[in-house]
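Given next are the chains, with one letter for each unit.
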Amino acid sequence: MEVVKMTKQNVVDSDAKAGVNTATFTAAVQKPPPAPGSCINISRKTLVEINSGPRINNNWVDSMRASSPTHHKYTSLSEDNTSWMVHHPSALNMFEQIIGASKGKKMVMFLDYDGTLSPIVDDPDQAFMSDAMRGTVRKLARYFPTAIVSGRCRDKVYSFVQLAELYYAGSHGMDIEGPSKGSKYKKEAQAVLFQPASDFLPMIDEVYKELLDKTKCIEGVRVENNKFCVSVHFRCVDEKEWGELAQHVRSVLKEYPKLRLSQGRKVLEIRPIIKWDKGKALEFLLDSLGYANCTNVFPVYIGDDRTDEDAFKVLRERGQGFGILVSKTPKDTYASYSLQEPSEVMIFLRRLVEWKKLCLRRQSKIQKQIEEIKASLKN
Ligand SMILES: O=P(O)(O)OC[C@H]1O[C@H](O[C@H]2O[C@H](CO)[C@@H](O)[C@H](O)[C@H]2O)[C@H](O)[C@@H](O)[C@@H]1O
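Residues numbered from 1 in each chain as written. Predicted model: local features only at pLDDT ≥ 70, side-chain atom pairs only at ≥ 80, totals over all residues. Heavy atoms only, no water.

Points about the domain arrangement of the chain
- The assigned domain composition of the chain is domain 1 (99-196 + 276-363) and domain 2 (199-272).
- Once you take the C-alpha centre of each, domain 1 and domain 2 turn out to be 27 Å apart.
- Listed by partner, the interface residues are 22 residues for domain 1 and 17 residues for domain 2.
- Buried area between domain 1 and domain 2, both sides added, is near 1,700 Å², and the carbon and sulfur share of it is 50%.
- Viewed at the interface, domain 2 and domain 1 are joined by 5 salt bridges.
- Arg265 is the salt-bridge partner of Asp304, the closest N and O atoms lying 2.5 Å from each other.
- At the junction of domain 1 and domain 2, the tally comes to 10 residue pairs in polar contact (both at pLDDT 80 or more).
- Here the residues of the side of domain 1 that touches domain 2 are counted per class, giving 6 nonpolar, 6 polar and 10 charged. (Domains from an automatic or database assignment. Contact = heavy atoms within 4.5 Å. Buried area = accessible area lost by both parts, 1.4 Å probe. Salt bridge = Lys/Arg side-chain N within 4 Å of Asp/Glu carboxyl O. Polar contact = N/O pair within 3.5 Å; in protein donor to acceptor, adjacent residues only side chain to side chain. Nonpolar A, V, L, I, M, F, W, Y, C, P; charged D, E, K, R; others polar.)

Now the structure itself:
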């Protein structure tokens, strides 16, 4: 495990490098999306601006605002949307092309939880997935190795999904466990349990308590302990108080140079500065499944949030499989395709299951015919 040494000044800097700085957020909602695979360039000047003096708080608030779609409405006919759909077409419309590209390859499924399998709701404890979605994911896992990759702590996301046959990577991939039972893929994998940030547990616990205390004066704030990271939710906080909230979080973080901040959907995420994220978790899981140097693996990652970009980026760099971003609005993304909401994710997953079933049926029919021909030749 590599722990990157950083100064206090660099805490926000590390976010910028991860592509989640204010400049990126704002650009994402103002400009048409970049061509697939294009990189987000952030100049040194921008980084310095973000980190300097009194403007930092405004930038935090701008960034928090940018995570709220209510500030940037897109009509379905707008230029931005047209460009977005050209660069990131619906995975449902492109289904035939997708399965064509995966031909002869081993598909492996990676699914984010919030906003992907379950709809976004005000109360994080009530973000249940539907029985229909659970049934779909259960069937999916019968045909493809399947992992849930979430910012939540592993136990919590498991309590929502309740499928023992899946891989789980909680805390943004910092807590990985293999299927506890019933997966035919388990035998292919080594025993998996990986916690690259375990040294940070006491620090995360401490910071969680401090954040709880510092932010308790702000109505609607919600601090969630995700074991190896902490989420500060502002979905239910009056926008007028976002600046104050950012100030409190910043004042706590100042004392913890080994923690960094990233941002999700109306949530500030505090986590260790180790070089580990959902992209690394994806690679770790592929290795664990025995696909380390495999050219015929086809990983598909579906996610809705900024932290999922690390995984989309890894897939682009590997040139294997692709990412699908769940979003109704244009976003800066490394994903290749899009789906609008969890209900479309469910339809997509069902189509994959039906397609795989059909392939297997065809294969067994051909096999049967071969057996019959062999038998007739013997006679
Ligand atoms: O990686 P994910 O599985 O997408 O987890 C990311 C965060 O998801 C949760 O927060 C988000 O969903 C909540 C429930 O719908 C919503 O209220 C919140 O505004 C969203 O940000 C979860 O509570 C966080 O801990 C995760 O980090």
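Describing unusual backbone geometry
- Of note, Gln162 is a non-glycine position whose phi angle comes to about 55 degrees, a positive value.
- At Ser171, a position not held by glycine, the phi torsion is positive, near 50 degrees.
- Its place among the elements puts Ser171 in the loop between β3 (167-170) and β4 (175-177).
- Judged by relative accessible area, Ser171 falls into the buried class, the value being 0%. (Helix = DSSP H or I, 4+ residues; strand = E, 2+ residues; numbered from the N terminus. Buried < 20%, exposed > 50% of the residue type's maximum accessible area, 1.4 Å probe, protein only.)

Structural notes on the packing of helix α9 (residues 201-215) against helix α10 (residues 242-253)
- Where α9 contacts α10, the two axes come as close as 10 Å, and the packing angle between them is 145 degrees. With respect to the hand of their crossing, α9 and α10 are arranged in right-handed fashion. Here α9 contributes Val207, Glu210, Leu211, Lys214 and Thr215 to the contact with α10, which in turn contributes Leu245, His248, Val249, Ser251 and Val252. (Axes fitted to C-alpha atoms, helices over the stretch in contact; angles between N-to-C directions. Left-handed = near helix turned anticlockwise from the far one by under 90°.)

Let's talk about the sheet that holds strand β7 (residues 230-233)
- Read from one edge of the open sheet, 4 strands run β6-β7-β9-β8, paired in antiparallel fashion. Looking at strand neighbours, the two that pair on one side only are β6 (222-225) and β8 (259-264), the edges of this open sheet. The sheet shows a mean angle of 20 degrees between the axes of neighbouring strands, direction not considered. (Pairing = 2+ DSSP bridges.)

Comments concerning empty space enclosed by the protein
- Going through the model one piece at a time under the given rule, you end up with 2 cavities of 30 Å³ or more.
- When its volume is computed, the largest cavity comes out at roughly 350 Å³.
- Surrounding the largest cavity, 26 residues form its lining, Asp114, Ile120, Arg152, His233 and Val267 being those nearest its centre.
- Counting only elements with at least two residues in the lining of the largest cavity, the list comes to β7 and β9 (267-272). (1 Å grid on protein atoms, 1.4 Å probe; cavity = no way out; pocket = protein on both sides within 12 Å on 5 of 7 lines; lining within 4 Å. Points joined across faces, edges and corners; volume = space filled by probe spheres on them.)

Things to note about the pattern of salt bridges
- According to the stated counting rule, one finds 21 salt bridges in the structure shown.
- Glu177 is the partner of Arg154 in a salt bridge, and the nearest nitrogen-oxygen pair spans 2.7 Å. On the criterion of sequence distance, the pair formed by Arg154 in helix α8 (residues 154-161) and Glu177 in strand β4 is long-range, its members being 23 residues apart.
- Judged by relative accessible area, Arg154 falls into the buried class, the value being 11%.
- Here Glu341 and Lys328 are joined by a salt bridge, their closest N and O atoms 3.1 Å apart.

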